[in-house]
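Topology and contacts: notes
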Amino acid sequence: MKVHVDQELCQGHGRCYALAPELFEPDDLGNGFAIDEGDVPAELVAKARLAAANCPESAVIIIEDTDLATEAAEPT
Amino acid sequence: MGLHDPVTDWASDFDHTDDAWVADPFPIWDELRETCPVAHSERYHGVWLPTRHEDIAEIAHDTKRFTSRQVIVSEYRAPLDMAPQGTAPPITSDPPYHQGARRMLLPAFSPQAVARLEPFTRQACQDLVDQLEGNDVVDAAEGYAQHIPVQVIAHMLGLPASDGDRFRGFVNVVLEGVDAAREDREAGIVEFFRYLKDLIEDRMRRPGDDLVSYLLDVDLDGEKVDPFWVTRMIGLLMIAGIDTTWSAIGASIWHLANVPDDRERLIAQPDLLPTAIEELLRSYAPVTMARLVREDFEFNGCAMKQDDFVLLPFPAANRDPAAFDRADEVIIDREVNRHAAFGLGIHRCVGSHLARMELRVALEVWLDAFPDFSLADARAVRWSGGQVRGPRELPLKIETRSERY
């Protein structure tokens, strides 16, 4: 999983870095940014989803693991 | 209160200064949301009231059809030539001017800058509870909540705490005086701007390490900002930062006085406080903003006219069952809470990080000093009218700690 903050939508409410400081950080204006490449280790998946669910602007984007997504989409 | 006739029909003749609204607006919004989700009133020369989260969010994000030229509903309209800045930038500014003015302010209100103000805030709160200690009945609005944002903003502006009473007078005139006689309100506003002008002139002569000096020195598009607009920005910070935070702190303490289970849980689980604060902000969001309609157009079947006001009751959005599970219940461990207490879109409250810090510290210090309290007289609680809602009188009975030892 990866996380990403859509800078067109972000208004600096700060919910993402308050709820998941391991994954997000503010810039000098208070806008949220994913740390490093936005990679989400397994133990932080729940926090990533919580951050996304609490963003008033729906600016936190979750990118599910592509391999898993593809597997899930394919009939077994 | 006020000069207006009492409201009998909320769908076609509402008034946000009416006694019933001031006492308890939630049933009014809940009913309108079901029966007339965008209400209209001819009062104030035309004003609309959406109550669904979806509509409020759409209008808040639509800076093309709705202008922020005036954000406080009154009988009057700010002249068109006040655009693009408006009377108090950036809250009254539209794009593209808005962005630059906002970027000037944001670094002073970033989470990093706010963290540096926390020790001052905590000491201010501690001094206030020390003064209240020993009384059986204290007013948490007058004696505690109202002083906290006043002292913090005075500290940021490099002003003595003793100017606090004057600030509160100015705030009262601008925000709560919308239904006062026009001459009284105007005289108050003139006095406010004279105070601000003296402050700006003083800092131009003798710059210091404060927010006024910073704003006078910062570049906007490669130029210094005209001191006239700095005056207006400082005015905004005083007006917007005081009543609102005072209301949020007061409403939160009111809730904890009413619901002992929540109070006891927060004392037992202090780690829950940040989550609880979001729910208290959702449930008792103090601020209702407003926009003006830029040109005649139809919004969801409503024929809106140029210069009609549109109220944006964020507290009503926060109680919309279409947006929140069990919207009418206060659930202090609510984890998913996409509330709109600080607005939505480009005008998200510049001071939201500061407000959250003040609210958290105010509650931490209060609960530590007074773990057991209740309403002294529920009928004596008085809420403010207009666009900022919070308790203005909140007498609480304080249980002494001696029983606990």
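Up top you'll find the structure we're talking about.
Residues numbered from 1 in each chain as written. Chains lettered and ligands numbered in written order. Predicted model: local features only at pLDDT ≥ 70, side-chain atom pairs only at ≥ 80, totals over all residues. Heavy atoms only, no water.

For chain B, the count of helices and strands is 16 helices and 14 strands. Over its C-alpha atoms chain B spans a radius of gyration of 21 Å, differing by no more than 12% from the 22 Å that the globule rule assigns to 405 residues. The dimensions of chain B, computed from C-alpha atoms along their principal axes, are 65 × 60 × 40 Å. Burial status across chain B gives 59% buried among its 405 residues. (Helix = DSSP H or I, 4+ residues; strand = E, 2+ residues; numbered from the N terminus. Rg over C-alpha atoms; globule rule 2.2 N^0.38 Å. Buried < 20%, exposed > 50% of the residue type's maximum accessible area, 1.4 Å probe, protein only.)

All right, on to the pattern of salt bridges then. Residues and elements named next belong to chain B. The final tally for this structure, using the stated rule, is 32 salt bridges over all chains. With a closest N to O distance of 3.1 Å, Asp219 and Lys224 form a salt bridge. A relative accessible area of 46% means that Asp219 is categorised as partly exposed. Note on Lys224: relative accessible area 46%, which makes it partly exposed. With its nearest N and O atoms 3.6 Å apart, the salt bridge here joins Arg360 to Glu364. You can see Arg360 and its partner Glu364 sitting in helix H16 (residues 352–369), four residues apart, about one turn around the helix. (Salt bridge = Lys/Arg side-chain N within 4 Å of Asp/Glu carboxyl O.)

On to the sheet that holds strand E4 (residues 137–139) of chain B, then. Residue and element names in this part refer to chain B. With antiparallel pairing, three strands are arranged side by side in an open sheet as E4-E14-E11. The open sheet has two free edges, formed respectively by E4 and strand E11 (373–375), since each of these has just one partner strand. Between one strand axis and the next, the sheet turns through 35° on average, direction left out of account. Alignment of E4 against strand E14 (residues 395–398), held across three bridges, turns out to be antiparallel. Paired with Asp139 across the two strands is Pro395, which belongs to E14. Lying over the sheet, helix H12 (residues 227–258) contacts E11 and E14, oriented at roughly 95° with respect to E11. (Pairing = 2+ DSSP bridges. Axes fitted to C-alpha atoms, helices over the stretch in contact; angles between N-to-C directions. Contact = heavy atoms within 4.5 Å.)

Residue Ala83(B) is joined to Pro84(B) through a cis peptide bond whose omega torsion reads 5°. Between Pro95(B) and the following residue, Pro96(B), the backbone shows a cis peptide bond with an omega angle of 0°. Even without a glycine there, the phi angle at Asp36(A) is positive, about 55°. As for its position among the elements, Asp36(A) is in the loop between strand E3 (32–34) and helix H2 (45–54). The exposure class of Asp36(A) is exposed, given its relative accessible area of 72%. Not every positive phi belongs to a glycine, and Asp221(B) is a case in point at roughly 55°. Structurally, Asp221(B) can be placed in the loop between strand E5 (219–220) and strand E6 (223–224). Assessed through its relative accessible area of 73%, Asp221(B) is described here as exposed.

Residue and element names in this part refer to chain B. The N-to-C vectors of helix H8 (residues 147–157) and H16 enclose an angle of 130°; their axes lie 11 Å apart at closest approach. By the criterion of interaxial angle, the relationship of H8 to H16 is oblique. At the point where H8 passes H16, the crossing takes the right-handed sense. Packed against H8, whose contacting residues are Ile148, Pro149, Val152 and Met156, the element H16 presents Leu354, Glu358 and Ala362 at the interface. Grouping the amino acids of the contact of H8 with H16 by side-chain chemistry returns six nonpolar, no polar and one charged. (Parallel < 35°, antiparallel > 145°, perpendicular 65-115°, else oblique. Left-handed = near helix turned anticlockwise from the far one by under 90°. Nonpolar A, V, L, I, M, F, W, Y, C, P; charged D, E, K, R; others polar.)

Once that is clear, we can look at the pairing of strand E1 (residues 2–5) of chain A. Residues and elements named next belong to chain A. Of the two faces of E1, only one is covered, namely that formed by Val3 and Val5; the face formed by Lys2 and His4 stays uncovered. With four bridges joining them, E1 and strand E4 (residues 60–63) adopt antiparallel strand pairing. If you follow Val3 over to E4, its bridge partner there is Ile62.

Okay, the interface of chain A and chain B next. Every contact between the two is made by 19 residues of chain A and, on the other side, 21 residues of chain B. Approximately 1,600 Å² of surface area, both sides summed, lies buried where chain A meets chain B, with 47% of it carried by carbon and sulfur atoms. For the interface between chain A and chain B, the tally reads one salt bridge. Between Glu278(B) and Arg15(A) there is a salt bridge, with the nearest N and O atoms lying 3.6 Å from each other. Where chain A packs against chain B, one counts 13 residue pairs in polar contact (both at pLDDT 80 or more). Where the side of chain A that touches chain B is concerned, the elements lending two or more residues are helix H1 (15–19) and H2 of chain A. The element contributing the most residues to the side of chain A that touches chain B is H2(A), with four residues. (Buried area = accessible area lost by both parts, 1.4 Å probe. Polar contact = N/O pair within 3.5 Å; in protein donor to acceptor, adjacent residues only side chain to side chain.)

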